[in-house]
Structure formats: structure tokens, C-alpha cells
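Given next are the chains, with one letter for each unit.
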Amino acid sequence: MQDSLTTAPVVRAATAATYTAFIGSGFAFASWASRIPQVRDQLGLDSAALGLVLLAIAAGSLLALPLSGPVVTRIGSSRTVMAMAVLLGAGLTTAALGSLSGVIPVVIGLFLLGFANGAWDVAMNVQGTVVERLLGKSIMSRFHAGFSLGTVAGALGGAAMIALDVPVATHLTVVAVLVVIAVVWQARRFVPDRDDAEPATDGSVPATGGALTAWREPRTLLIGVFVLAFAFAEGVGNDWISVAAIDGHHVSATVGTLAFAGFLTAMTAGRWFGPSLLDRYGRTLVVRVLALVGIAGATLFVFAPSPALAFAGTLLWGLGASLGFPVGMSAAGDDPRRAAARVSVVASIGYCAFLAGPPTIGLLGHHITVLKALVVVSALLAVAVAIAGSVRPLPGTQQH
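The rules behind these values
Residues numbered from 1 in each chain as written. Predicted model: local features only at pLDDT ≥ 70, side-chain atom pairs only at ≥ 80, totals over all residues. Heavy atoms only, no water. Helix = DSSP H or I, 4+ residues; strand = E, 2+ residues; numbered from the N terminus. Rg over C-alpha atoms; globule rule 2.2 N^0.38 Å. Buried < 20%, exposed > 50% of the residue type's maximum accessible area, 1.4 Å probe, protein only. Contact = heavy atoms within 4.5 Å. Areas by Shrake-Rupley, 256 points an atom, 1.4 Å probe, with all protein chains shown as cover. Lys, Arg positive; Asp, Glu negative; His and termini not counted. Charge placed at Lys NZ, Arg CZ, Asp CG, Glu CD. Expected span 1.5 Å × (residues − 1). Axes fitted to C-alpha atoms, helices over the stretch in contact; angles between N-to-C directions. Parallel < 35°, antiparallel > 145°, perpendicular 65-115°, else oblique. Left-handed = near helix turned anticlockwise from the far one by under 90°. Nonpolar A, V, L, I, M, F, W, Y, C, P; charged D, E, K, R; others polar. Phe/Tyr/Trp six-rings, centres within 6.5 Å; stacked < 30°, edge-to-face > 60°. Lys NZ or Arg CZ within 6 Å of the ring centre and 35° of its normal. Core = buried A, V, L, I, M, F, W, Y, C linked by side-chain atoms within 4.5 Å. pLDDT = per-residue confidence, 0-100. Patch = residues over 30% accessible without salt bridge, like charges linked within 9 Å, V, L, I, M, F, W, Y side chains within 5 Å. Salt bridge = Lys/Arg side-chain N within 4 Å of Asp/Glu carboxyl O.

What follows covers the overall build of the protein chain. Each helix and strand in the protein chain was counted, giving 16 helices and zero strands. The C-alpha atoms of the protein chain give a radius of gyration of 20 Å, which matches the 21 Å a tight globule of 400 residues would have. Across its three principal axes, the protein chain shows a C-alpha extent of roughly 60 × 40 × 35 Å. Looking at the protein chain residue by residue over its 400 residues, the buried ones come to 59%. Restricting the contact set of the protein chain to residue pairs at least 6 apart, pairs at least 24 apart contribute 86%. For the protein chain, the exposed area adds up to about 14400 Å²; of that, 70% sits on carbon and sulfur atoms. Here the protein chain carries 22 positive and 18 negative side-chain charges, and the mean point of each set is 4 Å from the other.

Here is the structure:
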């Protein structure tokens, strides 16, 4: 990086802008997720049909993710985030207003939301790796804590809107407008993603290699599977905890949304306080232990004999799932010359969880109840325990 880009004011501005991008993304997504039970009821969907509707988000993301690496490399993370914020706002508004008329406009809106979210996710993670290197300390999980903070705010806002009987269309349209304004304004302060004078750190892949090269790297693919397991745990929690609490543990809609908020709060705490653990004990040990915590939490949520114990399960589940995704993004970005391509590949694989998650839980839930279907979360986190070694830093890079 050029010296002018590493001055304290510029880096502080880029850090604040990156936090805004993460918070805005989380706030928009959780605002939508908090109203899923009401949209389900308005459209008259059963659990299997709801899972297929939610699949539209994953389909949009999976289309965007393989394209996002070349796009971010060409136009930069700043322009990508600004463009995708506008598209996400349009998609969220379409889904919100569409919930008044039928399934098709909701599916279209969710597809746009998913497409925007996928490219936005890669771009802001690339910027996060840049800022992390400029600061010279672990901070990626705190950016993801910002995302989680946004989701907590979105979930609590959703609970308030439900309690106040505010229509879904009104609530989500206002959220869309606020997110677009805030994120577009801040993303202009991002720093350039890379300096072409920087050498590759691992020497194994030419710096000029295209996006397809990253798809042939065993380490990158393993990190992708690792992220997939944690993304499934996170995504299923986002999509199904409130529904499972309401239908499986027989709590009210407001209490079900608060259980979702508890899950997000625990995830936020894990991401905010995680850097000191990562610096002290290393990536592999920390994420392996947290995956075990997540297994315990998801299992407790499913089999708890009371709503109180189920709520405790959501807290452990959220804590356990907290660091897997950000650590995977940091590992993919260890080499600054290849960060955009590798983050794109890892995110593409990870987001397969958002493709498989909604229909898997929805279809299983149709036969064995949504609550019992959530045992799949524990099974995938067990895979993450086994392959956690893939996120060890590349030789010659500092631990983040």
C-alpha cells in the first residue's frame, strides 16, 4: 500500500466505513428474517413451501458469488458495495410490498436481495482483510461482530414492530431506505483493495492467476467446506430459530423472535471478544472448541424440555457459530494479491449452505417437525471440528 493510504485518518475512516457495511448488511437481513413467520402466515405457506421460498435468497447469492471475485478485482470493493446496497434495497422493498399480493413478487424480491447480499459480502470481506493488514492486528471477527450487531438491532426492531402491529411492508421498506443511504455514503471511504507492488506471500500461486485458479487450490477448497459448515449453522439459526421456537416449543411470536435475538446476541459477543482468543491460542484451536460449543447448543435447543433451556441452547449455538465465518474469510485473504479470488471461492462454497439450508430444514421439518430437523446443524459442525486445521495462516503471514 502506498504511504498515503496508510495514514491514521484514512485507515480510521476505512475502518468505520467497513463497520458500516457489515452492520448495514446484518440489519437488513435480520429485519427480513424477523418477519418470516408473518410473511409465512400472510402467504399461507407450510414449512416445505416456506423453505422453497427462502431458497430464492440462496439462489441469488450463489449466482452472484462466483462473479464477485472478478468484479471486485476490476472495479474495487467500494463501488461493488455501493451498487449492491442499492440493489439490496430494491430487492427488500420488492419482497416487502410483494408480501401483500402473493408468492411470486416475494420470490423475485428475495432473489434480488440474495444476489446483492452475495456480492456485497465478498466485497466487504475483501475490504476487511485490507484494513486488517493495515492495522496490523486481528479485527476481522469484529467486523463480523458489527454484522451480528446489525442483526441484533434488526431482530429487536422486528420484535418491536410485531408487538406494535406494524405491517411487514411498511417496516421493511423503511429499513431498505435507511440501509441504502447509510452504506452508500460510507463505502466511498474504503481504501483501494491492493497494491500491485505487494509480493505474493505463499509463492504457490502466481499473483496474476485468474479467479478459476483459486478453485484448484486444496487449501482454499477446504476452507470453503469449513466455512460452509459454520454458514449452515448461522443461516439455519437465522431462518428457523424463531419458527422452531414458536412451533416446537410453543411460545408466542414475540418470544420466538426474542429467542432469535438471543442467538444473534451470543454470536455478536463471540465475534467481538474473539480476537484476543485468536491471537493467544491460534485460529485452529479456537474455532474447533467453538464448533463443539455450537454442537452442544444446537442439540440442547432441539431436545430441551422447557422453553428456558431451549433459550440457553440458542445462546450456546450462537456463541459456537460466531467465529467460523470470519476466520475463514481471514484465512482466504492471507495473501493480499489473491484475496479477492480466494474470498470469492470460499464465500461461494460457504453460501451453498444458504442454498441447502432452507429446503433441507423445510423438507425434513415437513416429516419430523422443524425443531427435530435442526439436528443437521450439529452434524455439519462436527465436520468443521475435523477440518479446522485448514484455516492455519499461510507461511510468512501474521496471525489474524
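So, next bit.
Looking now at helix 13 (residues 339-350). Helical geometry note: an α-helix holds 3.6 residues per turn, so side chains three or four residues apart project in the same direction. In this model helix 13 runs 16 Å from its N-terminal to its C-terminal C-alpha over 12 residues, within 8% of the 16 Å that 1.5 Å per residue would give. Looking only at helix 13, the buried set comprises Ala339, Ala340, Ala341, Arg342, Val343, Ser344, Val345, Val346, Ala347, Ser348, Ile349 and Gly350.

This paragraph deals with the packing of helix 10 (residues 283-303) against helix 11 (residues 307-320). In contact at an axis separation of 7 Å, helix 10 and helix 11 are set at 155° when each is read in the N-to-C sense. Classified by the angle their axes make, helix 10 and helix 11 are roughly antiparallel. Like other packed secondary-structure pairs, helix 10 and helix 11 cross with a definite hand, here left-handed. Seen from helix 10, the contacting residues are Leu290, Ala291, Val293, Gly294, Gly297, Ala298, Leu300 and Phe301; seen from helix 11, they are Leu309, Ala310, Ala312, Gly313, Thr314, Leu316, Trp317, Leu319 and Gly320. Residue composition of the contact of helix 10 with helix 11, by class: 12 nonpolar, five polar and no charged.

Located in the positive-phi region is Asp165, a residue other than glycine, with phi close to 60°. By the element assignment, Asp165 lies in the loop between helix 5 (140-163) and helix 6 (168-187). Here the phi dihedral of Thr369 falls at roughly 85°; this positive angle occurs in a residue that is not glycine. The topology assignment puts Thr369 in the loop between helix 14 (352-368) and helix 15 (370-373).

By the definition in use, this model includes five aromatic pairs. With 5.6 Å between their ring centres and 75° between their planes, Phe263 and Trp317 make a pair best called edge-to-face. Taken together, the residues span a long stretch of sequence, with Phe263 in helix 9 (residues 253-281) and Trp317 in helix 11 at a distance of 54 residues. Assigned by exposure class, Phe263 and Trp317 land together as buried. In textbook terms, an aromatic cluster arises when at least three aromatic residues are bridged by ring pairs, as seen for Tyr19, Phe22 and Phe143. Sitting over the face of the ring of Trp272, Arg142 holds its NZ or CZ atom 4.6 Å from the ring centroid.

Ranked by size, the top nonpolar core spans 115 residues in total, and within it Trp120 and Trp317 carry the most contacts. When residues in this core are grouped by element, the largest group, 16 residues, is from helix 3 (residues 47-98). Contact partners of Trp317, with chain neighbours within four places excluded, come to Ala233, Val236, Gly237, Ile241, Phe263, Gly294, Gly297, Ala298, Phe301, Leu374 and Val377.

Moving on: the confidence of the model for the protein chain. When pLDDT is averaged across the protein chain, the result is 86; 92% of the residues are at 70 or more. Looking across the protein chain, the model is least confident in helix 7 (residues 211-214), with a mean pLDDT of 74, and most confident in helix 10, with 95. Contacts of residues 196-208 to residues separated by more than four positions or lying in other chains number 27 contacts, the stretch itself having pLDDT below 50.

A cluster of nonpolar residues, Leu63, Leu67, Val71, Ile75 and Phe111, forms a patch on the protein surface that exposes about 390 Å² of accessible area. Here the element with the most residues in the nonpolar patch is helix 3; it accounts for four residues. With respect to the helices and strands, Ile75 occurs in helix 3.

Attention now moves to the pattern of salt bridges. Applying the stated criterion to the full structure yields seven salt bridges. Residue Arg40 is joined to Asp247 by a salt bridge in which the shortest nitrogen-to-oxygen separation is 3.1 Å. Here Arg40 is found in helix 2 (residues 36-43), whereas its partner Asp247 is found in helix 8 (residues 218-248), with 207 residues between them in sequence. The class for Arg40 is buried, based on a relative accessible area of 14%. For Arg219, the salt bridge identified is with Asp334, shortest N-O distance 3.0 Å. Of the two residues, Arg219 is situated in helix 8 and Asp334 in the loop between helix 12 (324-332) and helix 13; the sequence distance between them amounts to 115 residues.

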